[in-house]
Amino acid sequence: AISRHLAPSRAISRHLGCVGGGLGGDGLGGGKGAGAGAPSLPHKLVAGTEEHRQCRWVVSEALAVEGSRALALEPQYAGLGKVPHAAVAAQVACDGAPPTRREGRCFGAPLPLHSCSGLPVYVFGQFELSSPGREVLLIPDAAEPRSLSAVAWNRALFACVAAAYAALLKGLPRMLGLPTSTSSPGSMYGFWPLSASVAHEELLPLLLGPLYRSLSTQPLFLAIPRDLEDGTSEPASRRQRPVLRRLEDGVVCPPAVSGELHQFVQTHFTSFDLPPSLREELLTLAPPGTRPFSPAELRAYLKRKLTDPKKREKRLAHRAWAGMHSAAFCLELLDFCIGDLQGGGAKGGFANLVGLLLLPLASGGLAYVGQASRGGEPHVVATVQQQTLLPHLRSRFVSPECTAHETLGAYFLHNDEFLRAARLQSVTLSFFAQQLQPLQMQPSATYLHTVWQTMGRSAGGAIKPTPEVVELFGSKTLLPLRSGQAVAVGELSSTLALPAPLLQLELDGAASHWAPQASQAADAEPAAARPRVDELMSTLAVPVVDPAFVCVDEAPLKDQTAAAEALAGYIAADATEPHQLAPALVDKLGARDAAHGALEWSQLSRDGSRALLGLFAEHHVREEAVAMAQDWPPADPDASTEEAREAANGSPRLVSAGRAAALKRMPLYESVQGSLVPLEPRRYLLPQRHPFFTPRTDEFLTPTAPAPVLSLLRALGVESLEDADVFEKFLLPAFGEASLERQEAMRRHLLANWQRLRQHDGVRAALSRTRFVPTAFGLLAPSEL
């Protein structure tokens, strides 16, 4: 030991500066630890003191390692007196305590440089430096002609650095002892370099790679021997006393192995107790002998130990296997075992899981993955809510923790490949319908929520009245109504499903524009409150689904791992926005009328009918405006006009073939007599007063309806009559019944307007067969003259 009253850096640099052929004394780590063929260089403990602190250093040197000796003998280097010598210095104590910082140490050439290495030790050697930056040259610089030879020398010199560094790390266990905690500041592993910390990426192949390859064959890795059913009576603290082993003698746990799984590995395998950063470094560099603890190794171990039934029961009773009695821990093991099987990562895929005793059951036991239940049927994967609906299948259920697991839940719920390999039965729509037992009483709201949640998740989205749903559940009394009753699911196609905001929507529907003269009357009554959608449906006796069950957003239902509390309904809404309401109402009113006969139209007030008709009319007007703006027909000849209009409008088209027929059957249209009539049989409009005809029957609709209503009527086929139409259809067929004065007035009207009326084919045909020409023999038709 050499003491100097100097600062630590000066003591180190002065000591290294005066090193010649070697120092006498006993070295740390052996004489030939510096490399094959290298001279025996001892490793000295150097202590430097100053006025206020005392530091303890370990220095290791190496000379002429590998190709550095031959390079030093070449003329271009020998003439310069180059010596292939390098040293590594580590500060192991300061004032009797471990150093507080190791990163950011410097290079020395041999005097300390400003260049930071990022290593936890100081590195000294006769390096070639750049000019004027005085950096250790590791990459050729085209601006410096000598950079090629300088880089070659420095790279060769790093073989000496690696040898000296390895010798230093080999000697640390004897000097510092085994660490009580690998993460403590005084741990010997604090002096091991890490890729993430080095300041130059060139150091990875030059120093870290050779260094770790050299260390992997040495007993430098703190290992915890496995603690199995060895029958010894020694306490666990003695049985699992840490020892130093070679890298090939144990497993290195990846970061994913933590918590109870890490304890299981330490119990059943010889594993290394290393800092996480060092474990990650070993897994990244993978020096010879590295055995990463892998899912394949755990699968093989579990199958080897737990396949034999006799040995299995004995082992599971032992404390080393106590964790297997916990469903959560078995799923943690299964989660790790499945890690390399995703996306076909291993040959055989999920079939590699078959035979693992890692499937927790709802009954509390364990089953082998791929094994059938006691009845020979596959085990059933179901959430805790689903299991409450099918209590008779309890012996077949896997634990609900399987579906609730953070990562495995997705596999159990909707990974078909995994379910097939593990021979598990998921709760599909058909399976659920087959197994659901009928209730003897009115179902509760909680029960219905669970049923429809199961149906929605089994279908992968909101439930619609498809043929499959009707066939499977049609007769089951599970459809919740707003009235509190439950009816058969088969009624869904004729039951209105709307979210609460649309049910409570107030409809004006241009009702305020009807009969504007009434609003000017002095004794006009105050306007009635606008009817709401739910009020109109109640009046018409149209059943409405409980809004709590109506789905507006399907995303949580499609996400099989979403919590039940995040779900907002399960039955597909007929409409979610106001502009989609009119087609939805037409569909459901038409379906209800077809399935159960006429609705309670007679109970609908005039304001209600006007509001409903106005809603339909305004939707039609918006559609026509969109159609004009888009310049129909569409440019794509393969797309139908119907589909293109619906896509542009954002909702189904109102006056389509099916909806037009439903609209015509609705008695919503006011006749000139004040009655509410359907559009079947044929109806007419007479927009202008006629001098010879006044409509007085329900065959004619009132022409004072608002413009949107009149537009809808014309789109539905209501014919708007002109002068010629009135003569053709009504006046000429009854011409002989009119008085002589009226007949003469009509003849004068026909003659006065003949230039216009002669263009009408119907008038000409009617005149040819009508007896309207006065003769001595009475009225004759033109064809009879």
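Our subject is the structure listed above.
Numbers given to residues run from 1 along each chain, matching the order in which its sequence is written. Since the coordinates come from a predicted model, pLDDT governs what is reported: local features require at least 70, and pairs of side-chain atoms require 80 or more to be given and counted, while whole-chain, interface and lining totals use all residues. Hydrogens and water are ignored here; the side-chain numbers use all heavy atoms of the structure.

Q: I would appreciate a short explanation of the packing of aromatic side chains in the present structure.
A: Any pair of aromatic rings gets described here by the distance separating the centres and the angle formed by the planes. The rule is short: rings of Phe, Tyr and Trp, with Trp giving its six-membered ring, pair when the centres are within 6.5 Å, and they are stacked under 30 degrees, edge-to-face over 60, tilted in between. This structure, assessed with the given rule, holds 29 aromatic pairs. For the pair Phe-269 and Phe-293, a centre-to-centre distance of 5.0 Å together with 70° between the ring planes defines the contact as edge-to-face. Pair noted here: Phe-269 is in the loop between α7 (259-268) and β9 (271-272) and Phe-293 is in the loop between α8 (276-285) and α9 (295-306), with a separation of 24 residues, a long-range link. Three exposure classes are used, based on accessible area relative to the maximum for each residue type with a 1.4 Å probe and protein chains only: buried under 20%, partly exposed in between, and exposed over 50%. Overall, Phe-269 belongs to the buried group, its relative accessible area being 8%. By relative accessible area, Phe-293 is classed as buried at 2%. Numbering of helices and strands starts at the N terminus; helices are DSSP runs of H or I of at least 4 residues and strands are runs of E of at least 2.

Q: Whenever I open this one, the environment of Leu-712 confuses me. Can you help?
A: By the secondary structure assignment, Leu-712 is in helix α27 (residues 707-715). By relative accessible area, Leu-712 is classed as buried at 0%. Sequence separation of Leu-712 and His-619 is 93 residues, and the distance between their C-alpha atoms is 9.3 Å. Those residues in contact with Leu-712 that sit more than four places away from it in its chain are Leu-613, Phe-616, Ala-617, His-620, Leu-654 and Val-655. Residue contacts follow a heavy-atom distance rule, with two residues in contact if any of their heavy atoms lie within 4.5 Å.

Q: Hey, could you run me through the pairing of strand β5 (residues 112-116) in this one?
A: Judged from the two bridges that link them, strand β4 (residues 106-108) and β5 form a sheet pairing that is antiparallel. Considered in β5, the bridge of Gly-108 is made with Pro-112. Where β4 folds back on β5, the antiparallel hairpin that results is connected by three residues. At least two bridges found by DSSP between two strands is the condition for calling them paired.

Q: How should the sheet that holds strand β8 (residues 243-245) be read in this particular structure?
A: Note on sheets: strands pair through backbone hydrogen bonds, and any given pair is parallel or antiparallel. Strand order across the open sheet formed by three strands is β8-β7-β9, with antiparallel pairing between neighbours. Of all the strands in the sheet, just β8 and β9 have a single pairing partner and so form its edges. The pairing of strand β7 (residues 221-224) with β8 spans three bridges and is antiparallel. Following the sheet pairing, Leu-222 is matched in β8 by Leu-244.

Q: Could you clarify how one ought to interpret the pairing of strand β6 (residues 122-125) in this entry?
A: Side-chain positions along a regular strand alternate between the two faces of the sheet. Burial of β6 is two-sided: the residues Tyr-122 and Phe-124 facing one way and the residues Val-123 and Gly-125 facing the other way are all buried. Note: strand β3 (residues 85-94) against β6, four bridges, orientation antiparallel. From the neighbouring strand, Val-88 faces β6, where its bridge partner is Val-123.

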